[in-house]
Each structure stands twice: as structure tokens, then as C-alpha cells.
Amino acid sequence: MPTFRHTLVLLSASLIFTSNVCASAELSSTDAERLSVLANSENRSEKARARNKYRNPVKTLSFFEVASDQTVVEIWPGGQGGWYRSILEPYLAENGLYIPVRSKDAFPYPIDKVADNSADRVLVFRAHGFMIYDKPAQDYFDSIYKMLKPGGVFGIVDHRGDESIPQDPEGKNGYVNQSHVLKLAKNSGFELLESAEINANAKDTKDYPNGLYSLPPSLKGSSFNKALREKVLEIGESDRMTLKFIKP
């Protein structure tokens, strides 16, 4: 039968573990400074750097607690010129590991370069293909769950839809309802750690002729519509959810 002292030790250990899992850790000053340098580096194109004001890379990666010694998987980074890849790959080059999962990979089926329970972080940035590809969206979330170590973090930033409109399973307008992402993540076994408004844009009315593709950078449908072009340029890029989940 456990003694009072034994019970107290177990309780203390449990509290420490809970604190480590749930508390939002901050990056070291060295890592935070390194991210800032890379995000603004001239090694990135001027066009890419101009989008920092919409995508807030330093705040976003800090929120996801991406440290330079971690194994980080990015889903569909967009090739060698991938926007976040141009920051993450050099950031992790010395002490960590960056693994891009490309559209040509078998994902959501298992892929050799990402073993189960091997990643510290899996990151998804505006990859709304989760909604429009031919496999069920749940398969992608289930696969991400398998990639992560217990205690690992799944971070996602995506175009946030209008919750008054039911989720289109094909995602034709490019927006994804936050409630839908939360449901898929929960079904996979994830727990929501925290949400943030780092990438929110209250000007985005989400009611354009070509969905979010009317907004920058696509600007679809406004080549010969000066009024629409001026309107969407003033709005800027889309309103985005920023969600941080943990694999228990």
C-alpha cells in the first residue's frame, strides 16, 4: 500500500509532467534572433520578404516553439523556393533536421524519410489541399499524428473560413473552417494546446468572386477590374487560423 510520502512524490511528478506538456515554452534568445535574421535575409527574394508582414514568420515559428535542434517536418513546402522552407532549412541545418514532405511523396501513406514517432514538429502552412485531394481529409491528419513523437507539436496555419457557411468538403473557395480543422485533429487523437491570432486579418470578408484566390498574392479575376484590384490589395492576404496541437 503506497505511503503518504510515495503518493506525494507521484503527485509532484505528475504536476511537473503536466506543466512541461501544457505550458507554452519560449524559444531561446539565440534561436529567436536567428529566425529574425533568416526571415529578413537577402538570401530570400525581395518578393518573399515583402510577405513577412502578412505571414509573421518569427512570431509564428516562436508560437510553435520550433527550436534549432529539433526534427521538423513541413508538409507541402512548395519546392526549393518554398516560403517557409527558405527560413526553416538553414535554421535547422546545423543542429536539427528539416524534412520536406512534397506533393510527389506518398503522403498520407507512410513515407520512408519520416518514421513513425520521429518528428518533434510537423508544420502545415496554407496547405488546403487537405480539403481538395482525392483521399479523405482525415487520412492526412492521422498520418501527421503517426509522424510525431509523443509530446510533439502539430502546428497549422490556414485560410480561415466563414463559420456561418458549412464546410465545403472540396474546399473550392480555398477557405477551411477552423471548426473543421479542430474536428479532424481531435479525431486523430490530438489535443489543442493553444490558438493564436498572429495571422488574423479582420478585413478579409471571404466573399470574393474567386474565393481567397481573389486576394494577394493570386489576385485572380481582377486584371481588368480596377475597383476589385484596389479593394483586394487594400485587404491584403487572407484571414488565417494559427493552431497548435500536441500528441499526448
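Residues numbered from 1 in each chain as written. Predicted model: local features only at pLDDT ≥ 70, side-chain atom pairs only at ≥ 80, totals over all residues. Heavy atoms only, no water.

S.K.: Run through the environment of Lys135, naming residues and quoting values.
M.R.: Within the element layout of this structure, Lys135 appears in the loop between strand E3 (119-125) and helix H7 (137-147). Not counting chain neighbours up to four residues away, the residues in contact with Lys135 comprise Pro108, Tyr109 and Tyr140. (Helix = DSSP H or I, 4+ residues; strand = E, 2+ residues; numbered from the N terminus. Contact = heavy atoms within 4.5 Å.)

S.K.: Please give an account of the packing of aromatic side chains that cites residues and values.
M.R.: A complete count under the given rule lists 16 aromatic pairs for this structure. Taking the centre distance of 4.9 Å and the plane angle of 50° together, the rings of Trp76 and Tyr133 count as tilted. Here Trp76, found in the loop between strand E1 (71-75) and helix H6 (85-92), pairs with Tyr133, found in the loop between E3 and H7; they are 57 residues apart in sequence, far enough to count as distant. By relative accessible area, Tyr133 is classed as partly exposed at 40%. These aromatic residues form a ring-pair network of at least three members: Trp76, Phe107, Phe130, Tyr133, Tyr140, Phe141, Tyr145, Phe154, Phe190 and Phe245. Residue placement shows Arg44 over the ring face of Trp83; its charged tip is 4.4 Å from the ring centre. Lys244 extends its terminal NZ or CZ atom over the ring of Phe63, reaching a point 4.5 Å from the ring centre. (Phe/Tyr/Trp six-rings, centres within 6.5 Å; stacked < 30°, edge-to-face > 60°. Buried < 20%, exposed > 50% of the residue type's maximum accessible area, 1.4 Å probe, protein only. Lys NZ or Arg CZ within 6 Å of the ring centre and 35° of its normal.)

S.K.: Break down the side chain of Asn199 for me, citing the residues and quoting the values.
M.R.: The topology assignment puts Asn199 in the loop between strand E5 (191-196) and helix H9 (226-235). Asn199 gets classed as buried once you look at its relative accessible area, which sits at 3%. Here Thr60 takes part through its side chain, which lies 3.2 Å from a polar atom of the side chain of Asn199. Non-local contacts of Asn199, meaning those with residues more than four positions away in its chain, are made with Tyr54, Arg55, Asn56, Thr60, Val157, Ser238, Asp239, Arg240 and Thr242. (Polar contact = N/O pair within 3.5 Å; in protein donor to acceptor, adjacent residues only side chain to side chain.)

S.K.: How would you sum up the sheet that holds E1? Please name residues and give values.
M.R.: Pairing within the open sheet is mixed, and its 6 strands lie in the order E2-E1-E3-E4-E6-E5. Two strands in the sheet have a free side with no partner beyond their single neighbour: strand E2 (97-101) and E5. Direction aside, the axes of adjacent strands within the sheet are offset by 20° on average. Both E1 and E2 contribute to a ladder of 5 bridges, which runs parallel. Looking at E2, one finds that Glu74 is bridged to Pro100. H6 rests against E1, E2 and E3 of the sheet, and its axis sits at about 145° to E2. Across the sheet, helix H8 (residues 178-188) lies against strand E4 (148-159), E5 and strand E6 (240-246), angled at about 15° from E6, the strand it touches most. (Pairing = 2+ DSSP bridges. Axes fitted to C-alpha atoms, helices over the stretch in contact; angles between N-to-C directions.)

S.K.: So what about the packing of H7 against H8? Which residues, and what values?
M.R.: Relative orientation of the contacting elements H7 and H8 amounts to 50°, with a least axis distance of 9 Å. One element, H7, and the other, H8, form an angle in the oblique class. In this structure, the crossing between H7 and H8 has a hand that is right-handed. Along the contact surface, H7 presents Ala137, Gln138, Phe141, Asp142 and Tyr145, while H8 presents Val181, Leu184, Ala185, Asn187 and Ser188. For the contact of H7 with H8, the residue count by class is 6 nonpolar, 3 polar and 1 charged. (Parallel < 35°, antiparallel > 145°, perpendicular 65-115°, else oblique. Left-handed = near helix turned anticlockwise from the far one by under 90°. Nonpolar A, V, L, I, M, F, W, Y, C, P; charged D, E, K, R; others polar.)

S.K.: Residues and numbers for the nonpolar core, please.
M.R.: In terms of nonpolar packing, the biggest core is built from 30 residues, with Val73, Ile75, Phe107, Phe130, Ile144 and Phe154 touching the most fellow members. Among the secondary structure elements, those contributing two or more residues to this core are E1, E2, E3, H7, E4, H8 and E6. The element that contributes the greatest number of residues to this core is H7, accounting for 5 residues. Apart from residues no more than four positions distant in its own chain, Ile75 is found in contact with Val101, Phe107, Val122, Leu123, Val124, Ala127, Phe130, Ile144 and Met147. Ranked by size, the runner-up nonpolar core spans 22 residues in total, among them Leu38, Leu61, Trp83 and Tyr98. (Core = buried A, V, L, I, M, F, W, Y, C linked by side-chain atoms within 4.5 Å.)

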